Amino acid sequence: MSIDTAPARITPTLEMVAAEAGVSRSTVSRVVNGSPKVSADVIATVQEAIDRLGYRPNRAARSLANRRSMAIALVAPEDTTRFFGDPYFAAVVQGISRVLDDSDYVLNLHLAGPSGSRKSVDYLLGGNVDGAIVVSHHSGDHDLATLGASLPVVFGGRPIDPDQTPGTYYVDVDNRLAAAEGTRYLLEHGRTRVATVHGPVDMPAGLDRLAGWRDALAAASLPEGPRADGDFTMVGGARAARELLASGENFDAIFVASDLMALGAVNVLRERGFRVPEDVAVMGFDDSPAALTGEVPLTTVRQPSELMGEAMARMMLDLLAGRGPSSSRVLMPTDVVVRASA
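Residues numbered from 1 in each chain as written. Predicted model: local features only at pLDDT ≥ 70, side-chain atom pairs only at ≥ 80, totals over all residues. Heavy atoms only, no water.

Asks: Just to check I follow, could you spell out the overall build of the protein for this structure?
Replies: When helices and strands are counted, the protein shows 13 helices and 12 strands. By residue count, 49% of the 342 residues in the protein fall in the buried class. Summarising the internal contacts of the protein: among those between residues at least 6 apart in sequence, 72% fall at separations of at least 24. About 16,500 Å² of surface is accessible on the protein, with carbon and sulfur atoms providing 51% of the total. (Helix = DSSP H or I, 4+ residues; strand = E, 2+ residues; numbered from the N terminus. Buried < 20%, exposed > 50% of the residue type's maximum accessible area, 1.4 Å probe, protein only. Contact = heavy atoms within 4.5 Å. Areas by Shrake-Rupley, 256 points an atom, 1.4 Å probe, with all protein chains shown as cover.)

As structure tokens, this is what we get:
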């Protein structure tokens, strides 16, 4: 009895492409590797042969030849719950991926965890990646902060002390100014006692948004309302709102340093019988999809998270190509998006 089997598919090789295009193997190799020493006509001929045969370059072989991994790490010193639960990260990844899709680089996700920065650095410096994009930087991540001395690194968000580490590249918004603008909106619309739920004080974004809230109140010659520490999660926002209510201090608005925390705060306020915004106005930060998921759509400070991801990726590609970015820091614009909560 015979068994019919499908013929094995032959994987196209560099030599097969050369024969199909009528050029040498070395010419095909130069085209595949983007050499400028090949004419446009030859490139077109070789590319047509590649398309007809369905040839795919051997990434491992190319990595050995040019001593590159052709991989970029996205490093997040956060646990999985925080990373996958925050829409900010999803938007940043989407922006980074959109830019890298048009390059030869792949993106590797590396969750360092709250205390795994040393192990992460060992991995990143072990030849596994050509560069790293670090998002959600904390003051305790000292090993990651100095990574740029040995590897091209772009930070998503201002590092704690960028001026202390030459060659530090980052993309961010002016969190202090943006928080002041969000708080000022509440004041301009009749609120006189503004509380805040700020982000973690071991993160520049948390510190800067707290400072911006203070700036706006000081500029209006108003005393600071009560404040509570949050962790950029909805659970943390709910916990902080309970702390504000338990403080016994009066307030008629809350500037909240992230949309997720603002959602948690709104839920607690409504559970306690407060009307939002009639009794307490709530301002979020991010303009993430989370701003539209609650019963009360959030007025919020918008930061262009996807565009920030794109800017991070372009900055990284410039570094890897040996082109110095036009600036070591890029600040993206923000604005207030008005909805029902304030």
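Further notes follow.
Asks: Even after reading the chapter, I still don't get the sheet that holds strand S6 (residues 194-198), so can you show me in this structure?
Replies: Two modes of strand pairing occur in sheets, parallel and antiparallel, and in both the strands are linked by backbone hydrogen bonds. Strands sit in the order S7-S6-S8-S9-S10-S12 across an open sheet of six strands; the sheet is mixed. Each having just a single partner strand, strand S7 (227-229) and strand S12 (335-337) make up the two edges of the open sheet. The average angle at which neighbouring strand axes cross in this sheet is 20°, direction not considered. As paired strands, S6 and S7 are joined by three bridges and run parallel to one another. Looking at S7, one finds that Thr196 is bridged to Arg227. The strands that helix H9 (residues 175-188) touches are S6, strand S8 (253-256), strand S9 (281-286), strand S10 (299-302) and S12; relative to S9, the one it contacts most, it runs at about 160°. (Pairing = 2+ DSSP bridges. Axes fitted to C-alpha atoms, helices over the stretch in contact; angles between N-to-C directions.)

Asks: Can you help me understand empty space enclosed by the protein in this one?
Replies: Any space left empty among the atoms is revealed by the rolling of a water-sized probe across them. Going through the model one piece at a time under the given rule, you end up with one cavity of 30 Å³ or more. When its volume is computed, the largest cavity comes out at roughly 270 Å³. Lining the largest cavity are 20 residues; nearest its centre among them are Tyr88, Met203, Ala205, Arg209 and Phe232. When contributions to the lining of the largest cavity are tallied by element, the ones reaching two or more residues are helix H6 (87-100) and helix H10 (204-219). (1 Å grid on protein atoms, 1.4 Å probe; cavity = no way out; pocket = protein on both sides within 12 Å on 5 of 7 lines; lining within 4 Å. Points joined across faces, edges and corners; volume = space filled by probe spheres on them.)

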